[in-house]
Amino acid sequence: MGQTPVEALSEAEAAAELAALAARLAEANAAYHVEDAPRISDAEYDALKHRNAQIEARFPHLKRADSPSEQVGAAPAEGFAKVRHAVRMLSLANAFDAGDIADFDDSIRRYLGLDAEAPLAYTAEPKIDGLSLSLRYEGGVLVQAATRGDGAEGENVTANARTIDDIPERLSGAPDLLEVRGEVYMSHDDFAALNARQAETGGKTFANPRNAAAGSLRQLDARITRARPLRFFAYSWGVLSDPLADTQMAAIARLAQLGFATNPLTARCDGPEAMLAHYTRIEAQRATLGYDIDGVVYKVDDLALQARLGFRSTTPRWAIAHKFPAELAWTRLDAIDIQVGRTGALSPVARLQPVTVGGVVVSNATLHNEDYIAGRGARGEPIRDGKDIRVGDWVQVYRAGDVIPKVADVDLSRRPADARPFVFPETCPECGSDAIREEGDAVRRCTGGLICPAQAVEKLKHFVSRAAFDIEGLGARQVEQFHADGWIAEPADIFALPDRYGTGMQQLKNREGWGEKSANNLFQAIEERRKIPLGRLIFALGIRHVGEQVSNLLARHYGTWAAFDAAMRDAAAQDGPAWEDLLAIDGVGTVLAQSLVSTLAQEAERASIERLIAHLDIQPAERPETDGSPVAGKTVVFTGTLEKMTRAEAKARAEALGAKVSGSVSAKTDIVVAGPGAGSKEKKARDLGLTILDEDGWLDLIGG
Ligand code: IVH
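The structure presented is a predicted model; accordingly, all values stated were derived computationally and were not measured.

Caption draft 1: Broad picture of the overall build of the protein. What the protein contains, in helices and strands, is 24 helices and 24 strands. Computed over C-alpha atoms, the radius of gyration of the protein comes to 28 Å, within 12% of the 27 Å expected from 2.2 N^0.38 for 704 residues, which places it in the range of a compact globule. Judged by the C-alpha coordinates and their principal axes, the protein covers about 95 × 65 × 60 Å. Residue burial in the protein is summarised as follows: out of 704 residues, 47% are buried. Across the protein, every contact between residues at least 6 apart in sequence was considered, and the portion connecting residues at least 24 apart equals 66%. Put simply, the protein shows about 33,600 Å² of open surface, and 50% of that area lies on carbon and sulfur atoms. Computed over 80 positive and 101 negative side-chain charges, the separation of the two mean positions in the protein equals 1 Å.

This is the structure:
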């Protein structure tokens, strides 16, 4: 094309070319997205974008307000639209060995009340290492594709899914409403070719096929997705207007008949022995499949039993993932750094000579805590035969699934003569405060609280992270900069940014790396997040032990911020009805509850939260699952023998319908379900004049 190399451009030439590129790319975008009639090839488009990025990298100050690198197709600038899943997209519990599989089978039998001899079949199929996608068909036509997201809410990637050959646009003979779920992945060959192409054009290369698949599917510009060869295996479903079949195996066959790719290594097994045999078969083929798998998934075959088994908070009871053993590699430990996390935990990180483990280059690994380094377990027992870990050692590193690499072992025969035991710091390396270990805690923590800059920054990063406030344009890097410059010290300051730095002497748009447009986008993104669902807010506070799942449980339980806040104050003494009520939430244990109420009782913390919520419009939590449930909010006691279901099943179903299941009868009990042999509890219920139902009466009430 006779282009001047970027290094040889004068400033004036660069400015002129950036202007021309902005115009050409805007025109190409409009032709593609608005007129639906592309005028240039995808490769040409990519080349223009790449040239633009190169010039901007050399002349950052020439970056235009309408820079094409800030724009992503014609999709909305905030990213993908959100999609609420009609049926949640769950993850799977993990198993690692034959013992875990036997336990899985046992627990299902116990739940269903089946004895050891009763037949119970499973399916076994490869666990594809990609990302899950839910495809919604209405009247046989693909109308929506959504990523898993947090399980309850994903991203609308319909335009991108339409570019995948394995995903049919139309189905014939399908239920009127059908959500097909499965895994998007990239084959090894396609992955290698993509990385080669990316390297050639100076684009981003990917660490593994899974990242490549995720990066390609989550492109705001569908033409990029189109150029990436993604594939799809169907293995599950969400809402349906009619059942697909009676068994998992037949349902998968039906999906195949409808035109979906299903995995050919799916088999029906009549019990743990056959499941393990199929696992071995799949593992033997792993290297030659041509795509990544990370284990085998077992599912109860009978769909009526799947329905009875139902779900725990994040995983089905009827399925489990049997993971392949982690991959291992030896390398040298160059240094041990201490990082301070948002709850003050001092976490030792191994800096390693880079080594490839399972296709990914690893240069950092976690060392957990000081006992782990010293060769001691949680109860002081020796681990690794008591061998400690020293700087200079040869260590064995492994990765299991998505998790951070870990250090498994040390080779003492290669230990340098001058290697010294690692001395764990007793003061915070970031703020100098004492770092102490509480009785029974494996972790040493900085006591600096809000004065520790590391804790403050980590808290802020957590606050803006995806599952929390998810503020577009405010990532970890920006938080670090703003914090270092004193622009934000605590979450409330984020919401004051537009007022403080939108106008006046110091303006965001005048900072390096920012312009009018990006500053305004950020202010707008902040504005949009003033309205926040209660669950996200609770999670965003970053309280120790309070994860995303629990935050949503708490939000659903208390409903509003005012109710939550009042209950936490009432529970602060860790005693009394508010405390009991908190502990009664399924999924909330004592450690979590203590952390929650004690954190919220700290004066500085409370003041900071109050400053924050003054900026917010907190959305009360919905209670979708229990809407219209006849037993929502009721306290139920089961007593005597149940004949149609086990105790565990009865309890789980009642709880799923929003009821609270208690072990003892009191005036607060609403319903007592009494089976044959019920004794004193039934009598007490009679004395108190409570509603007493037999098992059939209960099943009628909850709809069978
Ligand atoms: S079944 C309700 N089957 O693994 C359970 N999942 O670790 C639905 N995955 O989120 C999942 N291969 O993305 C199922 N054959 C398979 C799978 C599979 C991969 C993924 C899926 C899930 C994750 C859980």
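Caption draft 2: Local environment of the sheet that holds strand S22 (residues 660–662). The strand order S22-S21-S23-S24 describes an open sheet built from four strands, whose pairing is parallel. Two strands lie at the open edges of the sheet, namely S22 and strand S24 (691–693), each paired on one side alone. Strand-to-strand, the axes of this sheet are offset by a mean angle of 30°, without reference to chain direction. Two elements, strand S21 (residues 635–639) and S22, share three bridges in a ladder whose sense is parallel. Within S22, the position partnered with Val 636 by the bridge is Val 661. Packed onto the sheet, helix H22 (residues 647–656) meets S21 and S22 and runs at close to 170° relative to S21. Across the sheet, helix H23 (residues 680–688) is in contact with S21, strand S23 (671–674) and S24; its angle to S24 comes to roughly 140°.

Caption draft 3: Representation of the pattern of salt bridges. Using the criterion set out here, one finds 46 salt bridges in the structure. A salt bridge links Arg 181 to Glu 179; its shortest N-O distance comes to 3.0 Å. One salt bridge connects Arg 569 with Glu 610, and the closest N-O pair in it is separated by 3.2 Å. Residue Arg 569 is found in helix H18 (residues 561–570), and its partner Glu 610 is found in helix H21 (residues 603–613); the two are separated by 41 residues along the sequence. Looking at Glu 610, the relative accessible area reads 39%, which means it is partly exposed.

Caption draft 4: Representation of the site of the ligand within the structure. As a matter of local geometry, the ligand sits amid 15 residues, with Glu 125, Ile 128, Arg 148, Glu 183 and Tyr 235 nearest to it. Within the side chain of Ser 132, an N or O atom sits 3.3 Å from an oxygen atom of the ligand. In the complex, 88% of the free accessible area of the ligand, which totals 530 Å², lies under the protein chains. Among the secondary structure elements, those contributing two or more residues to the shell around the ligand are strand S3 (122–128) and strand S10 (293–300). Tallying contributions element by element places S3 first for the shell around the ligand, with four residues. Taken together, the residues of the shell around the ligand break down into eight nonpolar, two polar and five charged.

Caption draft 5: View of helix H8 (residues 248–257). Within the span of H8, buried status applies to Gln 248, Ala 251, Ile 252 and Leu 255. Down the axis of H8, the buried set is contained in an arc of 100°. They therefore lie on one face. Buried residues along H8 sit in contact with S3, strand S7 (177–185), strand S8 (231–240), S10 and helix H10 (303–309).

Caption draft 6: Highlighting the sheet that holds strand S4 (residues 131–138). Spatial strand order, S5-S4-S7-S8: four strands in an open sheet with antiparallel pairing. The sheet is open, and its two edges are formed by strand S5 (141–147) and S8, each paired on a single side. Put simply, the sheet's adjacent strands are angled 30° from each other on average, direction ignored. In this fold helix H6 (residues 209–217) packs onto S4, S5 and S7, with an angle of close to 40° to the strand it touches most, S4.

Caption draft 7: Main features of the nonpolar core. Core analysis: the largest hydrophobic core is formed by 57 residues, its most contacted members being Ile 494, Leu 554 and Leu 582. What Leu 582 contacts, discounting residues up to four positions off in sequence, is Leu 554, Tyr 558, Met 568, Val 588, Ala 593, Leu 596 and Val 597.

Caption draft 8: Quick peek at the packing of helix H12 (residues 453–464) against helix H14 (residues 491–501). Axis separation between H12 and H14 bottoms out at 9 Å; the angle between their running directions is 65°. Residue-level inspection shows Leu 460, Phe 463 and Val 464 of H12 in contact with H14, the latter providing Pro 491, Ile 494 and Phe 495. Counted by class, the contact of H12 with H14 contains six nonpolar, no polar and no charged residues.

Caption draft 9: Representation of the state of the cysteines in the model. A complete count under the given rule lists zero disulfides for this structure. Left without a disulfide partner, Cys 452 is nearest to the cysteine sulfur of Cys 431, which lies 3.8 Å away.

Caption draft 10: Structural view of the environment of Gly 151. For Gly 151, the location among the structural elements is in the loop between S5 and strand S6 (153–155). Since its relative accessible area comes to 5%, Gly 151 is described here as buried. Residues Gly 151 and Arg 84 lie 67 residues apart in sequence; the distance between their C-alpha atoms is 8.8 Å. The residues contacting Gly 151, other than those within four sequence positions of it, are His 85, Arg 88 and Met 89.

Caption draft 11: Quick look at the pairing of S8. Of all ten residues in S8, seven are buried, a share of seventy percent or more. Sheet topology note: the S7/S8 ladder contains seven bridges and is antiparallel. By the bridge assignment, Glu 183 is partnered in S8 with Phe 233.

Caption draft 12: Inspection of the side chain of Gln 198 at higher detail. With respect to the element layout, Gln 198 can be found in helix H5 (residues 188–200). Residues in contact with Gln 198, not counting those within four places in the same chain, are Gly 203, Lys 204, Thr 205, Phe 206 and Arg 228.

Caption draft 13: Just the packing of aromatic side chains, in detail. According to the stated counting rule, one finds 16 aromatic pairs in the structure shown. An angle of 10° between the planes, with centres 5.0 Å apart, marks the rings of Tyr 185 and Phe 233 as stacked. Residue Tyr 185 is found in strand S7, and its partner Phe 233 is found in strand S8; the two are separated by 48 residues along the sequence. Phe 233 shares its class with Tyr 185; the two are buried. Ring plane angle 70° and centroid distance 6.2 Å describe the contact between Phe 311 and Trp 318, whose orientation is recorded as edge-to-face. Residue class for Phe 311 comes out partly exposed when judged on its relative accessible area of 43%. These aromatic residues form a ring-pair network of at least three members: Phe 482, Trp 487, Tyr 501 and Trp 514. The ring of Tyr 372 is capped by Arg 384, whose NZ or CZ atom sits 4.7 Å from the centre of that ring. For Arg 511, the ring lying beneath its charged end belongs to Trp 487, and the centroid distance is 4.5 Å.

Caption draft 14: Just the side chain of Gln 248, in detail. Within the fold, Gln 248 resides in helix H8. Other than its neighbours up to four places away in sequence, Gln 248 contacts Thr 123, Tyr 235, Trp 237, Lys 299, Val 300, Asp 301, Leu 303 and Gln 306.

What counts, and at which threshold
Residues numbered from 1 in each chain as written. Predicted model: local features only at pLDDT ≥ 70, side-chain atom pairs only at ≥ 80, totals over all residues. Heavy atoms only, no water. Helix = DSSP H or I, 4+ residues; strand = E, 2+ residues; numbered from the N terminus. Rg over C-alpha atoms; globule rule 2.2 N^0.38 Å. Buried < 20%, exposed > 50% of the residue type's maximum accessible area, 1.4 Å probe, protein only. Contact = heavy atoms within 4.5 Å. Areas by Shrake-Rupley, 256 points an atom, 1.4 Å probe, with all protein chains shown as cover. Lys, Arg positive; Asp, Glu negative; His and termini not counted. Charge placed at Lys NZ, Arg CZ, Asp CG, Glu CD. Pairing = 2+ DSSP bridges. Axes fitted to C-alpha atoms, helices over the stretch in contact; angles between N-to-C directions. Salt bridge = Lys/Arg side-chain N within 4 Å of Asp/Glu carboxyl O. Near = heavy atom within 4 Å. Polar contact = N/O pair within 3.5 Å; in protein donor to acceptor, adjacent residues only side chain to side chain. Nonpolar A, V, L, I, M, F, W, Y, C, P; charged D, E, K, R; others polar. Arc of directions from axis to C-beta. Core = buried A, V, L, I, M, F, W, Y, C linked by side-chain atoms within 4.5 Å. Disulfide = S-S within 2.5 Å. Phe/Tyr/Trp six-rings, centres within 6.5 Å; stacked < 30°, edge-to-face > 60°. Lys NZ or Arg CZ within 6 Å of the ring centre and 35° of its normal.

Honestly, it's all geometry; don't read function into it.
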